[in-house]
Amino acid sequence: MRCRQHLWIGFVLWSQALANDGAPFEALPFLQRSWNLSAQEIAAIERGDPVGKLLRRNADGEVAILGVIRLSRSKEEYLTWYRNVENYKLSPMVVEVGPIGNPPETEAADRLQLEPDEINTLRICQPAKCGAKLTGEEIERLRAGVDWSAPDAAARANLLSRQMLLDYAGDYWRRGHEGLGKYRSEDTAVDLAATFRGMLDASPFLRDSFPELFRELYDYRGAKPGAADEFVYWSRERYGFGLKPLVNLFHITIRKPQPAVVVIASKQIRSNHYFDGSLSLVLVADAPGGRSYLIFVNRSRVDLLRGGGFGGFKRKLFEWQLPREIKKQLLLIRKNVEGGPRG
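Residues numbered from 1 in each chain as written. Predicted model: local features only at pLDDT ≥ 70, side-chain atom pairs only at ≥ 80, totals over all residues. Heavy atoms only, no water.

## Quick look at the overall build of the protein
Short version of the rule: Secondary structure elements follow DSSP: runs of H or I no shorter than four residues count as helices, runs of E no shorter than two count as strands, and numbering proceeds from the N terminus. Using a 1.4 Å probe on the protein chains alone, a residue whose accessible area is under 20% of its type maximum counts as buried, one over 50% counts as exposed, and one in between counts as partly exposed. The contact definition used throughout considers only heavy atoms, calling two residues in contact when any of these lie within 4.5 Å.
Per the secondary structure count, the protein includes 11 helices and 10 strands. For the protein, with 343 residues in total, the buried portion stands at 49%. Here the analysis covers contacts within the protein between residues at least 6 apart in sequence; of these, 63% occur between residues at least 24 apart.

Okay, here's the thing in structure tokens:
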């Protein structure tokens, strides 16, 4: 009799697990379950206010943030806006963006021009002592491919830098994580694939709620030309405050693991300064009345924030400002998506 009771209890628990796995995605319970949002934070979201919250760091130099806002547009309307990379020019910090196809076309990065200080950084770049984040192979290509004493050295450096960016994107499209390589900068070597997997490991909400997507991202092996809902784009950004201008490369993966939610993974697959890696996970989920919830989670590893001393002070200052900044960005995103003030 006791054995039958145990079997029955086991069957009930197994059935409940299946029912939960197949249950429609609901944004607010998901937020409470994954990040323990308070009743006050949930109420703020329902009022239409943005919510920003720091998350636990999982590595030295890492910052992690959660941001949530409700949109008056559906998730399909958000995706229409998102797929046009030109819409990402949300502030003066993002100077320029451009898509890179699969395979990359030669003219995809023609608009990308490095600034004079950046050209000088490349001129003096040496193996294991370089002021830009480049792979060892790229450093050797620069040393062999540019005659720095020639009058057209800057133009040649620009041309080669663009070609290296396209080659890097093409290799990533073909081989996935195997094409990421390692940064060889002034004081460290950074394995980009390992960095990315570490940030995924620190995202249990994705592994627990969408295990197939988690495995796809964790073991990314590239994509065939014309792959649906994947694209790569470059951006040139300028933040001021004495910081160097950035050239970034991002890989976007868009998936719909359930009818009520779309997940967008934005992986920074390279940056020429500061970032060892960055992963943004955006969930756009159905909300009542044809609206949607925008849930934004970002983990970034920044070399300026590593270690103690002044690096620790900068991290504290940065983290103090981050929740306020993410709220501003969410409001700006909503304004751009909705095409005007919220009604």
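## Observations regarding the environment of Asp219
Condition: We call two N or O atoms a polar contact when they sit within 3.5 Å, provided that within protein one can donate a hydrogen and the other can accept it, with sequence-adjacent residues counted only if both atoms are side-chain atoms.
Of note, Asp219 is situated in the loop between α10 (211–218) and β6 (230–237). Along the backbone, Asp219 and His177 are 42 residues apart, and their C-alpha atoms lie at a distance of 7.3 Å. With sequence-adjacent residues up to four places away left out, Asp219 is seen in contact with His177 and Arg197. Reaching out from Asp219, the side chain makes a polar contact with the side chain of Arg221 at a distance of 2.8 Å.

## Some details on a nonpolar patch on the surface
Quick note on the threshold: Residues enter patches when their relative accessible area tops 30% and they take part in no salt bridge; the joining distance is 9 Å for like charges and 5 Å for the nonpolar side chains Val, Leu, Ile, Met, Phe, Trp and Tyr. Residue-level accessible areas treat just the shown protein chains as cover; the underlying method is Shrake-Rupley with a 1.4 Å probe. When a carboxyl oxygen of Asp or Glu is within 4 Å of a side-chain nitrogen of Lys or Arg, the pair counts as a salt bridge.
On the surface, Phe241, Leu243 and Leu304 cluster together to form a nonpolar patch covering roughly 340 Å² of accessible area. Within the fold, Phe241 resides in the loop between β6 and β7 (246–258).

## Quick notes on helix α7 (residues 153–175)
We apply this condition: The span expected for a helix works out to 1.5 Å for each residue beyond the first.
Spanning 23 residues, α7 covers 32 Å between terminal C-alpha atoms, matching the ideal 33 Å at 1.5 Å per step. The positive-phi residue at the C-terminal boundary of α7 is Gly176, with phi of around 65°.

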